[in-house]
Every structure is written in C-alpha cells, then in structure tokens.
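Each chain is listed here by its residues.
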Amino acid sequence: MSVLSKRARHDSESRFHLHVICTFFILLCIVRTDAATWPALSPEDILAISKAQCVVAIVKPHPNNMEQTTESGGVADLLSIADVAFQGERNVMIGIFEQEQFVWPTGKQLQLDGELGETKAILFPHLQEDRTCLQKPENHMVYPKAFGYSGATSADPFVGFINRHCNTFRKSDGSLTIQGLHKEYLLENLFSVKDFPASVTVSTMVKSQTGKPDHCFKDPSTGERSCPRLEKETISLQYTDAPTCERIPPPSKEDFINNYLTRSKPVIITGAMDSWPAMTKWTNEFLVQQYGEKEVHIKLTPKGEYEGIEPANIWETYGTFKIPQSVLKQLHFPDLVVVRPAGINMNFSAFLDLVQKVSGGTFSNVSAYLEYTSITDYFPDLKQDLSEMTFFEKVLKLVHLNIWLSDGNTLGKTHFDPFDNFLCQISGEKQVTLFEPHNDLLYEAHIPEAILSYSSTLKQFRRSTLLDSTSMVMSPVDILNPHLERFPKFGSARPLSCTIKEGEVLFMPAFWWHEVQSRPSKSEHRNLAVNFWYEPFFVKEFPCSECKFDVNPKYNHLL
C-alpha cells in the first residue's frame, strides 16, 4: 500500500525513470570487476565500518581453491553484482574478506548462520551505538550481527539478501525500487515550521519583547522623558506570535497517512472523540466510585513545573556527590540537572481530593499529577470508554495507553517522546509549544537527573538527592526564558503553538520537542487527558543531535 498522494506518486515515478536513464550510462562505465581493486576487510575494519554503514564482505576462497575466483559463481561475479546494484548506496560498503578464519579483535569467534567454508559472502548490518548508558564496563564491546550468504551467484537473490539485511531498496541494475523511491521522497519532504508564511524565530520574538519599554517617566531634574528597556533575563516568552497548528475534522485514513503521518506534521483533530463515553462518563464522582480505594503513585512539585532544568550546585548533596569521570567527560551540561518530581502513594479518592483543593486554591505550594499512568495496568475497565482513532486503525502498533490527571496548573518542560502520539483532551485544555525534531537547535544530550523529596508532615520539598542517572529526552533550554548567550542556536528555532481544548486530539509525531502548559476545567477544577503512544513511523538514534530521521523498518510495508 502506498502512503503517497497522487502527486507524490507522480514525482516518484518521474524520478524513477530519470534514475534508470542515469544508471544506464553509469553501467557503461563500470570497470571495477577485478577483485584486486576492492578493499580487503579485516575484522577490525568491519567492526569500525559497521558503526556507520552496512558491510558486505565477499569471501575470497582459500588459495588451494582459487579456481572459484574465475569460474561462474566466484568472487568476481558477486563483486560485479554488488558493484552495479549498490554503486549509488551510501549506506553499504562492499569489500573482500581474505582471511581463512574470522576472529573479532578481542578473540571472540564469529557467530554465523552457516559454516564459513560454505559461505560466499558475510553481511554485517549497521551497528547502532548504544546511547542509553554512558558508563559501560571496561573493555565493553558490541559486535554487529553476521549473516552468511550461500545462495545462487546471480543478481536477484544476492541483491535481495543485501536489501533485507541492510534495509536498502536497490534493484540489480542499481536503480531504486518503488519502495525506495517512496522512502526517499518522504525523507526529503518532511514538514517544517518554516513552511508557514508567518513563522517567526525565537530571536525575533526576544528582540520584539526586549524592544518594548518597561515603563516611561519624566526625569524631574532634566525634564527629559525616559523609557528603560526590559532585560533579556526577565523576558517571559509567551509564543503568542507563533504560527498555530492546523485544525481539521476527522480525516480519511489515506489523507491522514499522506499529509500528516508520513510528513511528521502535527495537527489538531476536532470531533474525533465525540462518540467516546469517557467524555461524559468520567466525572470525579464516577472515578471515585470506581477506583476510590485503589492505590496510585502520584507526582508532586512545589509550583507545578515538571522536569525543569536547574543548576546542580543548588542541591544539598552537590558538594559530596561525584559523577564518575568516565561519565563526566561525556556530559555536555554537567552543571545542570533535570528535576524529577517527588513521588508518593495514596488512594485515588485522596488524590482527587488533593486535586480539588489545589485547583480551588485552598491548598498551596504543591501541585499533584497522575502522569503517564497505564490505563491497561491500573484502570482496565476504562478502556471500554475509549477507542482508537477510526482513521488510524491498524496503521501503527499501539505501545502505551496512558491517563493524565492533575489539578490543571502544571507545566511539562521541553522534551520529546520516541513515539507517535495522539493526545486526547477530556477536560481542561493544554497549550503545547512545539519545535521540529530534525535539527540541533534544542541541544539534545544526556543531562544528569535529581529528584525532589517531600515531607507530608511538614508540607515541604527538599532538593536533597542528586542521581547517578541521566535523562535522554529533555532540553537544557528554558524556552520561556532562554539563555541565548549559552544556547545561541535556539535563537533560530521556530515554534509552533497548538492549543487543544476539550474533545480535541493533537497528533504529535515522534521526536517533536514540546512543552505543555495545562489549565483546569472551570467546572470540574481538573485537567484530564489520555494519550495513545504508537511505535513511530520515523525513527532516529537519540540522544544524538546529528542523527537523521529514517523510516522505521517495521513499516516498510507501508511504502
């Protein structure tokens, strides 16, 4: 099934014909069929190259069996096939493996699906770096998988073998398949906020606000009128001049896939929740009646800010807590921490009572949030009151279904999620400020974490605990009060403002940076939402600001 519109399909077909013509002339110039002209790859070479490319090593027979190099089905034939098919593929490296025995640099034996003596080629897929942990064991080594090829020495099966394991889409003549053309088109036509005619940069917004006078007065000694300017450090950006999300009624499946999912484009969908029983059924009274005695884990912060960034030196254990040197040298912002909220357990009825008191103003200096809590695990009966978007049925794989319930005065600081997200607002509203993911303007990196503690008896928070873990999805930039001297690239970022009201759904593609300001319902004094997290259509390595988007191989069937 194609995910492209008719126009996109036409563009793809035109590019396909052009590619075939170019390939024809390239084939006329192919001269590199002699095995001697190809690089000989050692296990050390393969380990290094596989961190950036997929490696295909043609196995050169032992000298006692060198007749295989000239007869049909020998090394030269495989090299000729690979050279023609993958000459334009940046992600594939072709070479020769000449050693009789394959042993990795540490002495580890090659794990291969077949005996080396029967194998004509060995393929090593691109080895993605493990970015989750900065502190790895000494002499820690990860090796790429190895797939042996012992099939026919003809173009179609060998090219198909490489395509399957390298996630490429080449034909034996070097041109792209229809799937490959579609993938190339999608990656070249990702949505960008700068496509909006009225898009503005952060620097423009800061200048416009710093240019406004704080107040004007007449100097009594000189009689001159003076209007002092605001300092940058005191600016609180509201992003009111940013372009807003497109709003649409429920689309057809084809329209949503073509214009939003495969473009990585946020959009607000109205009317998609009209048939949900949850919209009228999930009153506070109903939830207490159903789950009042159920114990839940909630998060607490003093001022409603969740996962904000602070200087590490204001924490109590700063002077004694030591980050291992091996980790410290990898941190871009070792002086900052992501502040995780305090957590406590209470029954659901007590939590809702706290929510009402905080939202109503009778309880201050604390904010309570039941955030990203699995409905399937904690409130399974509520699933019958929800349904997935009808235009999205059986498109992507659902990973998590969560409930978000708070007093409504919460601010989730800037981060991204590695999931395609449908955020569905049941009561209250959310003001979401987004920044596109395919750039390095928000300084993606590992940031150390710290966790607040809370005394229920004293009703006080403490900055007591620095952690030896790091966050991989938070931005060190405070988008409301940006420090552009330290984070100058953020000045070029272009925000997108999306306000979702009751009964509306925000489609937020994976890896889009977002900051979420929640506001309570005036009638129920709460903010309630659910969200569907899906295995994303586009993927990238993270934290890695230079890593590029790719189509998730699990969805190649949609190309």
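Everything that follows concerns the structure shown earlier in this document.
(A) Spotlight on the pattern of salt bridges. Counted under the stated rule, the structure contains 22 salt bridges. A salt bridge links Glu310 to Arg463, with the nearest nitrogen and oxygen atoms 2.8 Å apart. Of this pair, Glu310 sits in strand β11 (residues 309–311) while Arg463 sits in strand β20 (residues 460–471), and the two are 153 residues apart along the sequence. Glu429 is the salt-bridge partner of Arg519, the closest N and O atoms lying 3.2 Å from each other. Pair noted here: Arg519 is in strand β23 (residues 513–519) and Glu429 is in strand β18 (residues 429–435), with a separation of 90 residues, a long-range link. For Arg519, a relative accessible area of 35% puts it in the partly exposed group.

(B) Structural context of the state of the cysteines. Following the criterion strictly, the structure yields 3 disulfides and no others. With its sulfur 1.8 Å from that of its partner, Cys245 forms a disulfide with Cys498. The S-S bond linking Cys245 to Cys498 shows a torsion near 60 degrees; that makes this disulfide right-handed. Taken together, the residues span a long stretch of sequence, with Cys245 in the loop between β6 (225–226) and β7 (247–248) and Cys498 in strand β21 (residues 496–500) at a distance of 253 residues. Each sulfur of the disulfide joining Cys544 and Cys547 lies 2.0 Å from the other. Across the S-S bond linking Cys544 and Cys547, the dihedral sits near 80 degrees, which makes this disulfide right-handed. We note that Cys544, like Cys547, is buried.

(C) Main features of the packing of helix α3 (residues 75–86) against helix α4 (residues 155–166). Their axes nearest at 10 Å, the elements α3 and α4 cross at an angle of 60 degrees. With respect to each other, α3 and α4 are oriented oblique. Crossing angle aside, the handedness with which α3 passes α4 is right-handed. Contacts from Leu78, Ile81, Ala82, Ala85 and Phe86 in α3 reach Ala155, Phe158, Val159, Ile162 and Asn163 in α4.

(D) View of the nonpolar core. One finds Trp282, Phe422 and Phe490 to be the most contacted residues of the largest nonpolar core, which totals 100 residues. Considering each element in turn, this core owes the most residues, 6 residues, to helix α11 (residues 348–360). Residues Leu79, Phe86, Val92 and Ala121 belong to the second largest nonpolar core, which totals 22 residues.

(E) Highlighting α4. The terminal C-alpha atoms of α4, which comprises 12 residues, lie 16 Å apart, in line with the 16 Å expected from a rise of 1.5 Å per residue. Along α4, the residues classified as buried are Phe158, Val159, Phe161, Ile162, Asn163 and Cys166. On its buried face, α4 sits against β1 (54–59), α3, β2 (92–97), β3 (121–124) and β4 (147–149). Where α4 ends, the next residue or the one after it, Asn167, has phi of about 55 degrees, a positive value.

(F) Just the sheet that holds strand β24 (residues 527–534), in detail. Here 9 strands make up an open sheet; going across it, the order is β7-β8-β22-β17-β24-β15-β14-β9-β13 and the pairing mixed. Two strands bound the open sheet, and with one partner strand each, they are β7 and β13 (342–347). Of the strand pairs in this sheet, strand β8 (residues 267–270) and strand β22 (residues 504–508) are connected by 4 bridges, and their pairing is antiparallel. By the bridge assignment for β22, Thr270 is matched with Glu504. Across the sheet, α11 lies against β9 (295–301), β13, β14 (367–374) and β15 (398–406), angled at about 120 degrees from β13, the strand it touches most.

(G) Here's a closer look at the packing of helix α9 (residues 284–291) against α11. Relative to each other, α9 and α11 sit at 155 degrees, their axes nearing to 9 Å. Considering their axes alone, α9 and α11 lie roughly antiparallel with respect to each other. Where α9 approaches α11, its residues Asn284, Leu287, Val288 and Tyr291 are matched on the opposing element by Phe348, Ser349, Leu352 and Gln356. Among the residues forming the contact of α9 with α11, the class breakdown is 5 nonpolar, 3 polar and no charged.

Rules and cut-offs
- Residues numbered from 1 in each chain as written.
- Predicted model: local features only at pLDDT ≥ 70, side-chain atom pairs only at ≥ 80, totals over all residues.
- Heavy atoms only, no water.
- Salt bridge = Lys/Arg side-chain N within 4 Å of Asp/Glu carboxyl O.
- Helix = DSSP H or I, 4+ residues; strand = E, 2+ residues; numbered from the N terminus.
- Buried < 20%, exposed > 50% of the residue type's maximum accessible area, 1.4 Å probe, protein only.
- Disulfide = S-S within 2.5 Å.
- Axes fitted to C-alpha atoms, helices over the stretch in contact; angles between N-to-C directions.
- Parallel < 35°, antiparallel > 145°, perpendicular 65-115°, else oblique.
- Left-handed = near helix turned anticlockwise from the far one by under 90°.
- Contact = heavy atoms within 4.5 Å.
- Core = buried A, V, L, I, M, F, W, Y, C linked by side-chain atoms within 4.5 Å.
- Expected span 1.5 Å × (residues − 1).
- Pairing = 2+ DSSP bridges.
- Nonpolar A, V, L, I, M, F, W, Y, C, P; charged D, E, K, R; others polar.

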